[in-house]
Amino acid sequence: MYEPADVETVGVVGAGTMGHGIAQVAATAGYDVTMRDIESEYVDRGLEEIDSSLERLAAKGAIDEEPATIRGRIAGTTDLADLADADVTVEAAVEEMAVKRDVFADLDALADDDAVLATNTSTLSITEIAGATDRPDRVVGLHFMNPVPVMEGVEVVVGEHTDGAVVEFAHAFADALGKETWESDDKPGFVTNRVLMPWINEGIRAYDEGVATRDDIDRGMRLGTNVPMGPLELADHIGLDVVLDASETLHEELGDRYKPAYLLTRKVAAGDLGKKTGEGFYGYE
């Protein structure tokens, strides 16, 4: 089993919010990165987001290298075969089991025998995803937090057959990316979403039922519990569609205490998904 210092190339599947964030932090840590998505426009958009993020971080003095130097380590592609030489690949595709299993089956056929295959899933079973491969012992969960370049934590999720050395590698690799880790068994929602989704949904219900104004709910939670964002702010930031998907998965697995709030489902049906669409519980330029 190799160490993170032995890793030269990192593959990332998905150029969306999580995928391009993971690509960015890996390149910032000094790794060469190949980021793949199914359409060139998605790849280009992800690379543009990385450029913007790096410029912002440079203006704050938060990175040690020039943005162009970091950006030069990232290659975009629509061909999954370009990830064949990656020492570790992190999948950040859409949160659908069928899609993830297809990706992992394809990666399994392409990747070197020693390569580690990680998934950024926030709610889906690592064990079931790993079952699409002939190397379930080398599949692990690496659940990054959004926004990836800013948030300090990564949740390491251990599947039924994940080898102990791969778990150790996952912690060490996240550390090499400048992140701190905690570990969860492969149970629905893991640690973060199992606790976070009911909190967000209850905040939405409190707002919908007139317990307090939107601003007072978020302000009360910030000041009362010392969190950086209240539940409505955080839902907008995550994406209301993402919150709904996670809540529905947990509702199916764990019962009615995870039932999505009605107002959440209505917002998503209206296309008001939060910060990424310019309108959610708050409005955004």
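Residues numbered from 1 in each chain as written. Predicted model: local features only at pLDDT ≥ 70, side-chain atom pairs only at ≥ 80, totals over all residues. Heavy atoms only, no water.

As recorded by an unreviewed UniProt entry, the protein chain carries the name 3-hydroxyacyl-CoA dehydrogenase family protein and is attributed to Halorubrum rubrum.

Novice: I would appreciate a short explanation of the packing of helix α8 (residues 214-225) against helix α9 (residues 231-238) in the present structure.
Specialist: Each packed pair of helices is defined by two parameters, the angle between the axes and the distance between the axes. One way to put it is that α8 packs onto α9 with a least axis distance of 7 Å and a crossing angle of 100°. By the criterion of interaxial angle, the relationship of α8 to α9 is roughly perpendicular. Mapping the contact onto sequence places R214, I217, D218, M221 and R222 in α8 and P231, L232 and E233 in α9. Split into classes, the residues belonging to the contact of α8 with α9 amount to four nonpolar, no polar and four charged. (Axes fitted to C-alpha atoms, helices over the stretch in contact; angles between N-to-C directions. Helix = DSSP H or I, 4+ residues; strand = E, 2+ residues; numbered from the N terminus. Parallel < 35°, antiparallel > 145°, perpendicular 65-115°, else oblique. Contact = heavy atoms within 4.5 Å. Nonpolar A, V, L, I, M, F, W, Y, C, P; charged D, E, K, R; others polar.)

Novice: Would you explain the packing of helix α7 (residues 192-208) against α8 in this entry?
Specialist: Interaxial distance between α7 and α8 falls to 9 Å at its minimum, and their mutual angle equals 140°. Viewed along their axes, α7 and α8 form a crossing whose handedness is right-handed. Across from W199, G203, A206 and Y207 in α7, the residues of α8 making contact are R214, I217 and M221. Its residues assigned to classes, the contact of α7 with α8 comprises five nonpolar, one polar and one charged. (Left-handed = near helix turned anticlockwise from the far one by under 90°.)

Novice: Teacher, can you tell me more about unusual backbone geometry here?
Specialist: For residues besides glycine, phi is generally negative; the peptide bonds are generally trans as well. Residue P147 is reached from N146 by a cis peptide bond, and omega for that bond is 0°. Here the phi dihedral of F190 falls at roughly 55°; this positive angle occurs in a residue that is not glycine. Inspection of the secondary structure assignment puts F190 in the loop between β8 (180-185) and α7. We note that N226 has phi near 65°; this positive angle belongs to a residue other than glycine. The residue N226 is located in the loop between α8 and α9 in this model.

Novice: Got a minute to help me understand the packing of aromatic side chains in this structure?
Specialist: Inspection of every chain in the model, using the stated rule, returns three aromatic pairs. Considering the side-chain rings of Y207 and F281, the 6.2 Å spacing of their centres and the 75° angle between planes classify their relative orientation as edge-to-face. Residue Y207 is found in helix α7, and its partner F281 is found in the segment after α11 (262-269); the two are separated by 74 residues along the sequence. Accessibility expressed as a relative area gives 30% for Y207, which makes it partly exposed. (Phe/Tyr/Trp six-rings, centres within 6.5 Å; stacked < 30°, edge-to-face > 60°. Buried < 20%, exposed > 50% of the residue type's maximum accessible area, 1.4 Å probe, protein only.)

Novice: Please clarify how the pattern of salt bridges should be interpreted in this entry.
Specialist: Pairing between side chains of opposite charge can happen when their charged atoms approach one another. All told, the structure shown has eleven salt bridges when counted by the stated rule. For R205, the salt bridge identified is with E202, shortest N-O distance 3.3 Å. Linking R205 with E202, this pair stays in helix α7, spanning three residues, or about one helical turn. Taking the relative accessible area as the measure of exposure, E202 reaches 46% and is therefore partly exposed. Residue E233 pairs with R222 through a salt bridge whose shortest N-O separation is 2.7 Å. (Salt bridge = Lys/Arg side-chain N within 4 Å of Asp/Glu carboxyl O.)

Novice: Looking at this model, I keep getting lost on the UniProt feature "domain: 3-hydroxyacyl-CoA dehydrogenase NAD binding" (unreviewed entry) in the protein chain. Mind explaining?
Specialist: According to UniProt, the "domain: 3-hydroxyacyl-CoA dehydrogenase NAD binding" (unreviewed entry) feature falls on residues 9-181. For residues 9-181, the helix share is 40%, the strand share is 21%, and the end-to-end C-alpha distance is 21 Å. (UniProt positions renumbered as here; feature names shortened; annotations may be inferred.)

Novice: Explain the nonpolar core to me, please; I cannot follow it from the model alone.
Specialist: For soluble globular proteins, nonpolar side chains are generally found buried alongside one another. Formed by 40 residues in total, the largest nonpolar core has its most connected members in V10, V33, L142, F144 and F173. Residues in contact with L142, not counting those within four places in the same chain, are V90, A118, T119, N120, V154, E155, V156, A170 and F173. (Core = buried A, V, L, I, M, F, W, Y, C linked by side-chain atoms within 4.5 Å.)

Novice: Even after reading the chapter, I still don't get the side chain of Q24, so can you show me in this structure?
Specialist: Inspection of the secondary structure puts Q24 in helix α1 (residues 17-28). The class of Q24 is buried, set by a relative accessible area of 2%. Side-chain polar atoms of Q24 contact the side chain of S53, separated by 2.9 Å. Apart from residues no more than four positions distant in its own chain, Q24 is found in contact with I50, S53, L54, L57, I70, I74 and P149. (Polar contact = N/O pair within 3.5 Å; in protein donor to acceptor, adjacent residues only side chain to side chain.)

Novice: Explain the sheet that holds strand β1 (residues 9-13) here, please?
Specialist: Within a sheet, neighbouring strands are paired by backbone hydrogen bonds and run either parallel or antiparallel to one another. The strand order across the open sheet built from eight strands is β3-β2-β1-β4-β5-β6-β7-β8, with neighbouring strands paired in mixed fashion. Each edge of the open sheet carries a strand with a single partner, namely β3 (74-77) and β8. Each strand axis lies, on average, 25° off the axis of its neighbour in the sheet, ignoring direction. Where strand β5 (residues 116-119) meets strand β6 (residues 139-144), three bridges bridge the pair, whose relative direction is parallel. Its bridge partner being in β6, T119 is matched across the sheet by G141. (Pairing = 2+ DSSP bridges.)

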